[in-house]
Amino acid sequence: MPEPDAATAAFEAQRPRLLRLAYRMTGSVAEAEDVVQDAWLRWQGVERAVDSPAAFLTRIVTRLCLDRLKSARARRETYVGAWLPEPLVGAGEAEPEDDLTLTLMMALERLSPLERAAFLLHDVFGVALSDVASTLDRDAAAVRQLAVRARRHVRTAPPRYAIADAEAERIAQAFFAASRDGNTQALGAMLAQDVVLHSDGGGRVIAFRNPITGLARVLRLYAGLRRKPGAEPARLLRPMLIDGLPGFASLDRGEVLQTTALAVEDGRIRAIYIMRNPDKLRHVARILAQETPGSPH
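> Please set out the pairing of strand β6 (residues 268-275) residue by residue, giving values where relevant.
Judged by how many residues are buried, β6 sits mostly within the fold: six of eight residues are covered. Note that strand β1 (residues 191-200) and β6 share six bridges and pair parallel. The residue bridging L197 from the neighbouring strand is I272, located in β6. Where strand β5 (residues 256-265) meets β6, seven bridges bridge the pair, whose relative direction is antiparallel. The residue bridging E265 from the neighbouring strand is R268, located in β6. Linkage of β5 to β6, two consecutive antiparallel strands, is achieved through a turn of two residues, within which D266 is found at a positive phi near 55°.

> Summarise the packing of helix α6 (residues 129-136) against helix α7 (residues 140-154); cite the residues concerned and give the values.
Closest axis-to-axis distance for the α6/α7 pair is 9 Å, and the angle between their directions is 100°. As judged from the angle between their axes, α6 and α7 are roughly perpendicular. Where α6 abuts α7, its residues L129, V132, A133 and L136 lie against A140, V143, R144 and L146.

> Kindly report on the sheet that holds strand β3 (residues 235-242), identifying the contributing residues and their values.
With mixed pairing, six strands are arranged side by side in an open sheet as β2-β1-β6-β5-β4-β3. Sheet topology places β2 (212-213) and β3 at the edges, where each strand pairs with a single neighbour. Relative to β3, helix α8 (residues 165-181) is tilted by about 140°, and along the sheet it contacts β1, β3, β4 (245-252), β5 and β6. Running at roughly 115° to β3, helix α11 (residues 282-291) makes contact with β3, β4 and β5 of the sheet.

> I'd like a description of the packing of aromatic side chains, backed by residues and values.
Any aromatic ring pair is given by two values, namely how distant the centres are and how the planes are angled relative to each other. Within the structure shown, the criterion is met by five aromatic pairs. Arranged with centres 5.8 Å apart and planes meeting at 90°, the rings of F175 and Y222 form a pair that is edge-to-face. Taken together, the residues span a long stretch of sequence, with F175 in helix α8 and Y222 in helix α10 (residues 215-227) at a distance of 47 residues. Considering the side-chain rings of F175 and F248, the 6.3 Å spacing of their centres and the 35° angle between planes classify their relative orientation as tilted. Residue F175 is located in helix α8, and its partner F248 is located in strand β4; the two are separated by 73 residues in the primary sequence. According to the relative accessible area criterion, F248 is buried, its value standing at 3%. Chaining the aromatic ring pairs together yields one cluster made of F175, F176, Y222 and F248.

> Go over the side chain of S28 with me, naming the residues and quoting the values.
Following the sequence through the fold, S28 ends up in the loop between α1 (4-26) and α2 (29-44). By relative accessible area, S28 is classed as buried at 8%. A distance of 2.8 Å separates a polar atom in the side chain of S28 from a polar atom in the side chain of E86. In this structure, S28 is in contact with Y23 and E86, ignoring residues within four places of it in sequence.

Procedures and definitions
- Residues numbered from 1 in each chain as written.
- Predicted model: local features only at pLDDT ≥ 70, side-chain atom pairs only at ≥ 80, totals over all residues.
- Heavy atoms only, no water.
- Buried < 20%, exposed > 50% of the residue type's maximum accessible area, 1.4 Å probe, protein only.
- Helix = DSSP H or I, 4+ residues; strand = E, 2+ residues; numbered from the N terminus.
- Pairing = 2+ DSSP bridges.
- Axes fitted to C-alpha atoms, helices over the stretch in contact; angles between N-to-C directions.
- Parallel < 35°, antiparallel > 145°, perpendicular 65-115°, else oblique.
- Contact = heavy atoms within 4.5 Å.
- Phe/Tyr/Trp six-rings, centres within 6.5 Å; stacked < 30°, edge-to-face > 60°.
- Polar contact = N/O pair within 3.5 Å; in protein donor to acceptor, adjacent residues only side chain to side chain.

The quantities given are spatial measurements derived from coordinates; they are silent on function.
The following block contains the structure:
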């Protein structure tokens, strides 16, 4: 093992990458931070020289994530309502440097833990197939098949459409204003015919248990919310990129913090992802509180 200062420096150089990997594996910012902390403790206990800290730590983090995914799958069987990944708002060490949007994160949920690991390690993080096989304790042929099956599932997800920051902010603000006001004419001009709305409250706050599908149904939903007696209008906190998608944080009726991410394809919003579960918004609340004292946290 290198001297303490050198060991710390070697780990810190890998931390951003390890956080990205752990988040992509688990779909949880909090779990990613816990996994990387566990990896740090194991790194401190290594008593031999490590030729490649990057490969060694990637192996540790992947195996820790696989252990967590086993229990996560059991928890999701009893999860109340729809499950969405925690929103990553493009701030902090876990900021993504890959092309995986929230839409693609949803596609990863259809994979087995081993398929997810094989796809992320090889296709996203560029780990050699032989090293992936060593990490997963499988032979190379088996890992190749895992990656092939994973790609087949992921290809069904809509591709990422690059949107300039200014345009992403314009889309987010326009959607927020139209949805807040129940302006179905403006919303109809922004939404695709096959738009799908997903919301995750985790049983903690009110959310739709099932996706709302189709332009007509989504428009009726927003029109109905606006007509709700005694409803206070939502307040925009700020636009933000959420897993690479245009979006925003807002305070909904009753001062409930939520994030909304918008998947845009061919100039139309094809999917709306609303996170309302306070357990999954703690890191967002921290970021907002740091930016504006007095924000919800």
